[in-house]
Amino acid sequence: MPLKAKLDDREVISVLCSEEDWAHAQRASKGSGGRLRMSCCDAPAYASHSRLDLRYFAHKSGYDRCPSSGESDEHESLKAAAARAVQSLGGWQADVEVSGNGWRADVLAVRGSIKIAIEVQLSAQARRQTGARNDRFEASEVSAFWLKGLNNHVNDFGDGLQAPVHGASIHEQMESVGGAVRNLLGAVERQVRMANELARLIRTIPGWMYDINLQGTIPACFELQRESKRQQILLCELGPSLLPTVFRPVDGKQVGADQFAGAILQLRMNAPHLRGYQSSSFQLAPDDLSNSLAHQLRPILEGNKTWQGKEHTEVVPGAFVHYPEECPDCETRFLRITHLLIGHPRRPRMLPVKVVHDEWRWYEPILSAAAALSRKIGLPLGPLVDDGDNVYFRPKRIDQKCPTCGEQAPPPLISHDEALHAWPGRDEHFRYRLPLPGKGWGASTRWVKQPSPDAAAWDALLDAKRAKRQEEREEERRREELAEAERIRRHEELQRQAEERRQQRIADDLARKTADEQRAIETRRQAEEDRQARVVAQQEERKRKLRTAAETAIKDDERRNLWLTTGNSHLRSIGDTVAPRPIEVAAQSKEGLEKALQLLRSTKF
């Protein structure tokens, strides 16, 4: 159901024309003069109403229908709602069923150089097809706006300006289409206003040149150039769909960190902030756009304000705190470096001077600068090396050694605070890139110079420190001498005590040995006495046995005693000169007892 026809060679849009023009079209469609003809193919036409009471034009019977006449009532109704919404806005002109180079727009909204093709897409459409149709529109400098039906609400429809069509009934859907079109064209007007005001503002700031990236005919992004610096400004009122490129981090830094302001600028009025650019956007006042834009952007484009994000850094100069040192072991004079002053002789105002004493990670990158300072002064540099301590969670420390003997340098003469407040040097020895505090759009970095203390006061401080250190060394030497004397005294005392203990051990050993010998003698004597007692007891026992036997054999006491005590030749052994007495022979041994008993039994009494 086409919505456009030619009445007496004048185009008439059914849903936009006046009642008078529609009445003329209806009268012309009843005649046979061919006054009313189709715009698509110039065939005779007639004016009619659809079942949804939508005005439309159709081919008269007997003429072939064009492909453009196969759209549904719902599609035509939504197309009509879009055209009416365009026409209702002042300054906009609506046309329907407009064809171009490879494209055909349901509704074409025109205002000045701005052309927007409004497409009602009820049937499902994939991303690839959407992209191809967008490219054909853009090739003709036309921006596409898609009104997506229910079939395209959740599928991968593709990019571009688009809005869903809501509503259960056709009337609700027509209201949804009208609201979406009015919202879009309002956003386009605001985006164009921002572009015009931004161009005027840039022209008032010397040094800047700019190009405008368009999507179709709608300005989307400003590309600014100033000498070697560039700056991108996004117009975000229509959201991310019109942005001409995808912005990514450069060399691992945040998006836009390489630009003049340190970030990509976003301008908007009613649209939400676009996430992903790692900087805050600027919301402009629609009723005072010129002043609002100048107030927020002029300081940035003039270099007085920059984005201070997590990667906001500055190259900060630094100096070595140094003085001549003498090795206490070999008396070699060498250059002693005790501290780093990062932010000296000048620093960013918001960044305090950083004083580093012995953290290896700060010294390691600037060892070549320390060597250059040594050559400039004409003193050998005591080697700066890490202490080799790899304790977990503790930074490596730095040691400085004598360049001749390799002994560790004496402790620094200068404290942390003295290095910060008394160092008089104004030379810059090295540079460090440091992060600056704060986040957001703030004033550009302002530099301040460090105060310059008196060099004579520094020399006097060093002399006083050296004199105090010499006194401390003398005192330490005296303490060491006293400690050595005390050590010797204690050593001698310990030796004397050890000798006394040794002599006492010798005496104790001798006494113990004597006592042991006495106990051994006593033991032997006692054993001998016990043995003698046992011998006597045995002798007495054998005598008793012999007497008992004699009492049995010899009844007469006198004769019995005489026999026991009188020598008997029968008991003589070889070598005996005197005949032994029986009682004595029995007492000597068991054999003697048996011999005496045998003699007793053989003797007749």
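Details of the structure are given in the entry above.
Since the structure is predicted, the reported quantities are computational estimates derived from the model, not experimental observations.

Enquirer: Please set out the pattern of salt bridges residue by residue, giving values where relevant.
Expert: The tally for this structure, following the rule as stated, stands at 35 salt bridges. As a salt-bridge pair, Arg496 and Glu493 come within 2.3 Å of each other at their nearest N and O atoms. Here the residue Arg496 and the residue Glu493 both occupy positions in helix H9 (residues 455–553), the gap between them amounting to three residues, near one helical turn. Residues Glu528 and Arg531 are paired through a salt bridge, measuring 2.4 Å at the closest nitrogen-oxygen approach. Residue Glu528 and its partner Arg531 are both found in helix H9; the two are separated by three residues, about one turn of the helix. Residue Arg531 is classed as partly exposed on the basis of its relative accessible area of 36%. Within the structure, one salt-bridge network assembled from shared partners comprises Glu76, Lys79, Glu97 and Arg104.

Enquirer: So, the sheet that holds strand S6 (residues 93–99): which residues are in play, and what are the values?
Expert: Ordered in space as S6-S7-S8-S9-S10, the five strands form an open sheet in which the pairing is mixed. Looking at which strands have only one partner, the edges of the open sheet turn out to be S6 and strand S10 (161–164). Recorded for the sheet is a direction-independent mean angle of 25° between the axes of neighbouring strands. This element, helix H3 (residues 127–139), spans strand S7 (104–111), strand S8 (114–121) and strand S9 (143–148) of the sheet and lies at about 145° to S9.

Enquirer: Which residues make up unusual backbone geometry, and what values go with them?
Expert: For the bond from His344 to Pro345, the omega torsion is 10°, close enough to zero to count as cis. Mapped onto the elements, Pro345 comes out in the loop between strand S18 (333–342) and strand S19 (346–348). Phi at Glu97 is positive, roughly 50°, even though this residue is not glycine. You can see Glu97 is positioned in strand S6. Of note, Glu227 is a non-glycine position whose phi angle comes to about 55°, a positive value. By secondary structure assignment, the location of Glu227 is in the loop between strand S12 (218–226) and strand S13 (229–235). Judged by relative accessible area, which is 78%, Glu227 ranks as exposed.

Enquirer: Provide a residue-level description of the nonpolar core, including the pertinent values.
Expert: Across soluble globular proteins, you tend to see nonpolar side chains buried next to one another. If you look at the biggest cluster of nonpolar residues, it comprises 32 residues, and the most contacted ones within it are Val86, Ile116, Ile118, Phe145, Leu147 and Val181. Going through the elements one at a time, helix H2 (73–87), S6, S7, S8, S9, S10, helix H4 (170–203) and S12 are the ones with two or more residues in this core. Per-element accounting of this core gives the leading share, eight residues, to H4. Among all residues touching Leu147, those that are not within four sequence positions of it are Ala82, Ile118, Glu119, Val120, Gln121, Ala163, Val165, Val177, Ala180 and Val181. Counting residues in hydrophobic clusters, the runner-up holds 26 residues, among them Leu201, Met269, Leu284 and Leu297.

Enquirer: Run through the packing of aromatic side chains, naming residues and quoting values.
Expert: Applying the stated criterion to the full structure yields ten aromatic pairs. Considering the side-chain rings of Trp103 and Phe137, the 5.3 Å spacing of their centres and the 45° angle between planes classify their relative orientation as tilted. Here Trp103 is found in the loop between S6 and S7, whereas its partner Phe137 is found in helix H3, with 34 residues between them in sequence. Taking 5.1 Å as the distance between ring centres and 85° as the angle between the ring planes, the aromatic pair formed by Trp423 and Trp458 counts as edge-to-face. Of this pair, Trp423 sits in the loop between helix H8 (416–422) and strand S23 (430–435) while Trp458 is found in helix H9, placing the two residues 35 residues apart along the sequence. The exposure classification of Trp423 matches that of Trp458, with both residues buried. Feature note: the residues Phe320, Trp362, Phe430 and Tyr432 constitute an aromatic cluster, connected by ring pairs. Positioned above the aromatic ring of Trp447, the side-chain terminus of Arg346 is 4.3 Å from the ring centre.

Calculation criteria
- All residue numbers refer to positions counted from 1 along the written sequence of the respective chain.
- With pLDDT at 70 or above as the cut-off, local features in this predicted model cover only qualifying residues; side-chain atom pairs require 80 or more to be listed or tallied, and sums for whole chains, interfaces and linings still use all residues.
- The side-chain quantities take in all heavy atoms of the structure and omit both hydrogens and water.
- The term salt bridge refers to a pairing of a side-chain nitrogen on Lys or Arg with a carboxyl oxygen on Asp or Glu at a separation within 4 Å.
- Segments assigned H or I by DSSP are reported as helices when at least four residues long, segments assigned E as strands when at least two residues long, and all are numbered from the N terminus.
- Residue burial is assigned from relative accessible area. The probe radius is 1.4 Å, only protein chains are included, and a residue is buried under 20% of its type maximum, exposed over 50%, and partly exposed in between.
- Pairing between two strands requires that DSSP report at least two bridges joining them.
- Axis definition: a line fitted to C-alpha atoms, limited for helices to the stretch in contact. Angles are taken between N-to-C directions and run from 0 to 180 degrees.
- Whether two residues are in contact is decided by their heavy atoms, any of which lying within 4.5 Å being enough.
- What makes a nonpolar core is a set of buried Ala, Val, Leu, Ile, Met, Phe, Trp, Tyr and Cys residues whose side-chain atoms join them at distances within 4.5 Å.
- Pairing of aromatic rings covers Phe, Tyr and Trp, the last through its six-membered ring, and needs centres within 6.5 Å; plane angles under 30 degrees mean stacked, over 60 mean edge-to-face, and all others mean tilted.
- Lysine NZ or arginine CZ positioned within 6 Å of the ring centre and within 35 degrees of the ring normal marks a charge as sitting over the ring.

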